[in-house]
Amino acid sequence: MTGGPGPVAVPARPYVDRPVTDMGAAQRAAGAAVLEWGLGEVSAARLLRLGMNAIFLADGLVLRVSAPTVDAVWSIRLAEMLADVGLRVPRPLRTDVVSLGGYDVTCWEYVEPTGKPIDWTAVGTMVRTAHRIDAADLPVGYPAPSPAGFPWWDFDALLIETRETIEPAALDGLQRAVERWRGWADFDDVVVCHGDVHPGNVLASGHGPILIDWDLLCRAPAGWDHAPMMTWGERWGGTGAEYPAFAAGYGESLRGDRWADGFAELRLVAATLMRARAGLDDEAAMLEAHRRLRYWARDPHAPTWRAQ
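What you see is a predicted model, and the numbers here were worked out from it, not measured in a lab. (Residues numbered from 1 in each chain as written. Predicted model: local features only at pLDDT ≥ 70, side-chain atom pairs only at ≥ 80, totals over all residues. Heavy atoms only, no water.)

Novice: Break down the overall build of the protein chain for me, citing the residues and quoting the values.
Specialist: Tallying secondary structure elements over the protein chain gives 10 helices and 10 strands in all. The C-alpha radius of gyration of the protein chain comes to 20 Å, within 12% of the 19 Å expected for a compact globule of 308 residues. For the C-alpha atoms alone, the extent of the protein chain along its principal axes is close to 55 × 45 × 40 Å. Sorting the 308 residues of the protein chain into buried and exposed places 51% on the buried side. (Helix = DSSP H or I, 4+ residues; strand = E, 2+ residues; numbered from the N terminus. Rg over C-alpha atoms; globule rule 2.2 N^0.38 Å. Buried < 20%, exposed > 50% of the residue type's maximum accessible area, 1.4 Å probe, protein only.)

Here it is in structure tokens:
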């Protein structure tokens with residue numbers, strides 16, 4: 001059941017690009033890890049969080065169940081490398097991987113949340129540190145692709161798939177945004193990016209913020225990591241103070257930067273279209289999609305968006 005490093009060739013896909021969809025299989029994989037690692041009975045694994053990964057807690061340890069694109073051992077090596085350069089990231093507690101039913105399970109420390117606000121200045125400083133990493137120093141088997149290949153950024157395909165469910169005014173707003181930033185992937189000045197910096201991927205610990213979920217690590221302009229926070233106050237219900245604090249820690253604001261501004265708006269497009277696509281089979285997702293579409297229809301009373 002344990003796995004070692006696989007081939008060292010780096011694929012074009014990010015480390016994880018598909019969510020956990022079979023909860024039964026994920027639960028069985030977590031249970032197998034519990035038995036393999038002597039953490040108690042199979043039933044000891046308790047689900048904490050479900051998204052692209054299923055996160056379980058067992059005997060005070062975090063079991064991360066994923067369907068990665070490469071051997072999961074590389075995520076452990078990445079975490080070790082990131083800690084070595086001074087980044088606060090979750091600490092792996094085992095170096096082996098349990099695999100079952102198409103899912104890999106890795107073991108990590110549990111970070112007790114403090115309940116305090118996130119120190120966004122410290123997060124900005126950490127992101128600056130990440131951007132100074134030489135891509136050649138990344139673990140050789142961990143993917144660091146261009147985000148140009150991320151399927152949820154194929155806006156033309158998503159618009160074709162969802163357009164019948166979108167009212168004309170909102171569709172026009174979305175199409176205008178896509179055209180405004182046509183050519184967004186034609187960049188060549190890149191850094192190592194975390195790929196998905198937002199409050200859901202930051203834990204406030206007693207030792208400062210911990211930046212989690214490096215699944216979408218990629219090589220892109222620095223603005224890729226600024227973009228999520230640039231709209232957090234406007235669209236996601238933040239206070240509006242998050243990005244200025246982040247920028248202060250990073251050392252500069254990228255508002256007005258062509259790439260950052262484009263990525264910021266296109267992330268909103270992607271977030272809307274992905275909810276609309278999910279809504280084709282999920283009523284709750286469609287309700288949230290309609291909530292987001294009001295913004296693109298230029299509704300002056302458009303509400304802020306919910307993360308799920």
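Novice: Kindly report on the packing of helix H4 (residues 155–162) against helix H9 (residues 258–278), identifying the contributing residues and their values.
Specialist: Following both chains from N to C, one finds H4 and H9 inclined at 35 degrees, their axes separated by 10 Å at the closest point. Read as a crossing pair, H4 and H9 show a hand that is left-handed. Residue-level inspection shows Phe155, Leu158, Leu159, Glu161 and Thr162 of H4 in contact with H9, the latter providing Leu266, Val269, Ala270, Leu273, Met274, Ala276 and Arg277. In the contact of H4 with H9, the residues fall into 9 nonpolar, 1 polar and 2 charged. (Axes fitted to C-alpha atoms, helices over the stretch in contact; angles between N-to-C directions. Left-handed = near helix turned anticlockwise from the far one by under 90°. Contact = heavy atoms within 4.5 Å. Nonpolar A, V, L, I, M, F, W, Y, C, P; charged D, E, K, R; others polar.)

Novice: How would you explain the nonpolar core if you had to name every residue and give the values?
Specialist: If you look at the biggest cluster of nonpolar residues, it comprises 77 residues, and the most contacted ones within it are Trp153, Phe155, Trp214, Trp224 and Val269. Per-element accounting of this core gives the leading share, 10 residues, to H9. Excluding residues that lie within four positions of it along the chain, valine 269 makes contacts with Phe155, Leu174, Ala177, Val178 and Trp296. Counting 22 residues, the second largest nonpolar core, distinct from the first, contains Trp37, Phe56, Ala58 and Leu61. (Core = buried A, V, L, I, M, F, W, Y, C linked by side-chain atoms within 4.5 Å.)

Novice: A description of the pairing of strand E8 (residues 202–205) should follow, citing residues and the corresponding values.
Specialist: When E8 meets strand E9 (residues 208–211), the two strands line up antiparallel, connected through 4 bridges. Considered in E9, the bridge of serine 205 is made with glycine 208. Between E8 and E9, which follow one another and run antiparallel, lie 2 residues. (Pairing = 2+ DSSP bridges.)

Novice: How would you sum up the packing of helix H6 (residues 223–230) against H9? Please name residues and give values.
Specialist: Contact geometry of H6 with H9 gives a least axis separation of 8 Å together with a crossing angle of 50 degrees. Relative to H9, the element H6 lies oblique. In the packing of H6 onto H9, the handedness of the crossing is right-handed. For the pair H6 and H9, contact is made by Gly223, Trp224, Ala227, Pro228 and Met230 and by Ala260, Asp261, Phe263, Ala264 and Arg267, respectively. Grouping the constituent residues of the contact of H6 with H9 by class yields 7 nonpolar, 1 polar and 2 charged. (Parallel < 35°, antiparallel > 145°, perpendicular 65-115°, else oblique.)

Novice: Describe the pairing of strand E2 (residues 46–50), with residues and values.
Specialist: Summarising the sheet, E2 and strand E3 (residues 54–58) pair through 4 bridges and their orientation is antiparallel. Residue arginine 49 lies in a different strand from E3, and its bridge partner there is isoleucine 55. With antiparallel pairing between neighbouring strands as the criterion, E2 and E3 make up a hairpin whose turn holds 3 residues.

Novice: Report on the pattern of salt bridges, specifying residues and quantitative values.
Specialist: According to the stated counting rule, one finds 16 salt bridges in the structure shown. Where aspartate 213 meets arginine 64, a salt bridge forms, and the shortest distance between an N and an O atom there is 3.6 Å. Linking aspartate 213 in the loop between E9 and strand E10 (218–220) with arginine 64 in strand E4 (residues 61–66), this pair joins segments that are 149 residues apart in sequence. Here the salt bridges do not stand alone but share partners, grouping Arg64, Asp213 and Asp215 into one network. (Salt bridge = Lys/Arg side-chain N within 4 Å of Asp/Glu carboxyl O.)

Novice: Any chance you could break down the confidence of the model for the protein chain for me, citing the residues and the numbers?
Specialist: Across the protein chain, the average pLDDT comes to 95, with 96% of residues at or above 70. Segment residues 1–10 is flagged for pLDDT under 50; beyond a separation of four residues in sequence, or across chains, it makes 26 contacts in the model. (pLDDT = per-residue confidence, 0-100.)

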